[in-house]
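The chain contents come next:
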Amino acid sequence: MVDAIIILIVIVILCFAIKGSLKHFRGEGSCCGEGGASTIKSEKTLADPIIKMKDVKIDGMTCSNCEARVQNELNKIDGLKADVSYKKKVAHLSYSKEIDDEVIKRAVEKAGYKVV
């Protein structure tokens, strides 16, 4: 009887683990230590005209929280507007002034990801 109860408990735990894993791989679950809370993406408009546009590949993003974290960090840079997609693993950048690539790389790394 005790063995049956233990087996039942293990099956229940496995069901929850599989459910959480499926949500994670679909990008719906939390993978970033957020405990299920969603990170809100900052939206930004540039006051000056766009002088340059560029796409930057980013490695390590697996969910919308990752996407928001990178976009928010990039949008803190003056003269830069970012639109990030974790599914495409890319940040679309619009510049209203010249910005060194190292500044962008540091912002992405500060968010916990890597520029490819």
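Residue positions are given per chain, counted from 1 along the sequence in the order it is written. With the structure being a predicted model, the display of local features is reserved for residues of pLDDT at least 70 and the display and counting of side-chain atom pairs for 80 or more, all residues being used for whole-chain, interface and lining totals. Only hydrogens and water are set aside; all other atoms, that is, all heavy atoms of the structure, feed into the side-chain values.

K.L.:
How do you make sense of the overall build of the chain when you look at a structure like this?
P.N.:
Helix and strand definitions here come from DSSP, where helices need a minimum of 4 consecutive H or I residues and strands a minimum of 2 consecutive E residues; each element is numbered from the N-terminal end. When helices and strands are counted, the chain shows 3 helices and 4 strands. Secondary structure elements in the chain, listed N-terminal to C-terminal, are α-β-α-β-β-α-β. Counting over 116 residues, the chain shows a buried share of 30%. For the chain, the share of sequence-separated contacts (at least 6 apart) that also reach a separation of at least 24 residues comes to 68%. Note on areas: Shrake-Rupley with a 1.4 Å probe; residue coverage comes only from the protein chains shown. Summing over all exposed atoms, the chain offers an accessible surface of approximately 7600 Å²; the carbon and sulfur share of this is 60%. The rule is simple: take the accessible area with a 1.4 Å probe, protein chains only, and divide by the maximum for that residue type; under 20% is buried, over 50% is exposed, in between is partly exposed. Pairs of residues are marked as contacts when any of their non-hydrogen atoms sit within 4.5 Å.

K.L.:
Explain the sheet that holds strand β3 (residues 90-95) to me, please; I cannot follow it from the model alone.
P.N.:
By definition, the strands of a sheet pair up through backbone hydrogen bonds, in either a parallel or an antiparallel sense. Reading across from one edge, β2-β3-β1-β4 is the order of the 4 strands in this open sheet, with antiparallel pairing throughout. Both edges of this open sheet fall to β2 (80-85) and β4 (114-115), since each of them pairs with a single strand only. Relative to β3, β2 is paired through 6 bridges, and the arrangement is antiparallel. Its bridge partner being in β3, Asp83 is matched across the sheet by His92. Angles here are taken between N-to-C directions and fall from 0 to 180 degrees, while the axes themselves are lines fitted to C-alpha atoms, restricted in helices to the stretch in contact. Where helix α2 (residues 64-74) meets the sheet, its contacts fall on β1 (52-59), β2 and β3, and the angle it forms with β2 comes to roughly 170 degrees. The criterion for strand pairing is that DSSP finds at least two bridges linking the strands in question.

K.L.:
Explanation requested: the side chain of Ser85 in the structure shown.
P.N.:
Here Ser85 lies in strand β2. Accessibility expressed as a relative area gives 17% for Ser85, which makes it buried. Among the polar contacts listed, one links the side chain of Ser85 to the backbone nitrogen of Lys88, at a separation of 3.2 Å. Sequence-distant contacts of Ser85, defined by excluding residues within four places in its chain, comprise Met61, Glu67 and Val90. For this analysis, a polar contact is any N or O atom pair within 3.5 Å, provided that within protein one partner can donate a hydrogen and the other can accept it, and provided that sequence-adjacent residues contribute only side-chain to side-chain pairs.

K.L.:
What am I meant to see in the packing of aromatic side chains here?
P.N.:
Working definition: a ring pair exists when centres of Phe, Tyr or Trp rings (six-membered ring for Trp) sit within 6.5 Å. Plane angles under 30 degrees give stacked, over 60 give edge-to-face, the rest tilted. Enumeration over the complete set of coordinates arrives at 0 aromatic pairs. Lying across the ring of Tyr95, Lys52 places its NZ or CZ 5.0 Å from the centre. We count a charge as sitting over a ring when the NZ of a lysine or the CZ of an arginine lies within 6 Å of the ring centre and within 35 degrees of the ring normal.

K.L.:
For this particular structure, what's the right way to read the packing of α2 against helix α3 (residues 101-110)?
P.N.:
In a packed pair of helices, the relevant descriptors are the angle between the two axes and the axis-to-axis distance. Contact pair α2 / α3: the axes reach a minimum separation of 8 Å and the direction vectors enclose 140 degrees. The orientation of α2 with respect to α3, classified from their angle, is oblique. Crossing geometry of α2 relative to α3 is assigned as right-handed. Of the residues in α3, those touching α2 at Val70, Glu73 and Leu74 are Ile104, Ala107, Val108 and Lys110. By the definition adopted for this analysis, an angle is roughly parallel if under 35 degrees, roughly antiparallel if over 145, roughly perpendicular if from 65 to 115, and oblique otherwise. Working rule for handedness: look at the near helix, and if it is turned counterclockwise from the far one by less than a right angle, call the crossing left-handed; if clockwise, right-handed.

K.L.:
Would you mind going over a nonpolar patch on the surface with me for this structure?
P.N.:
Candidate patch residues must exceed 30% relative accessible area and have no salt bridge, after which like charges are joined if within 9 Å and Val, Leu, Ile, Met, Phe, Trp or Tyr side chains if within 5 Å. In the sections that follow, a salt bridge refers to a side-chain nitrogen of Lys or Arg positioned within 4 Å of a carboxyl oxygen of Asp or Glu. A cluster of nonpolar side chains, namely Val2, Ile6, Val10, Leu14, Ile18 and Leu22, defines an oily patch on the protein surface of about 560 Å² accessible area. Following the sequence through the fold, Ile6 ends up in helix α1 (residues 2-25). On the basis of relative accessibility, which here comes to 47%, the residue Ile6 falls in the partly exposed class.

K.L.:
Any chance you could explain the side chain of Asn72 here in plain terms?
P.N.:
Turning to its location among the elements, Asn72 is positioned in helix α2. Side-chain polar atoms of Asn72 contact the backbone oxygen of Ile40, separated by 2.9 Å. Sequence-distant contacts of Asn72, defined by excluding residues within four places in its chain, comprise Thr39, Ile40, Lys41 and Ser42.

Interpretation note: all reported values are geometric properties and have no functional meaning in isolation.
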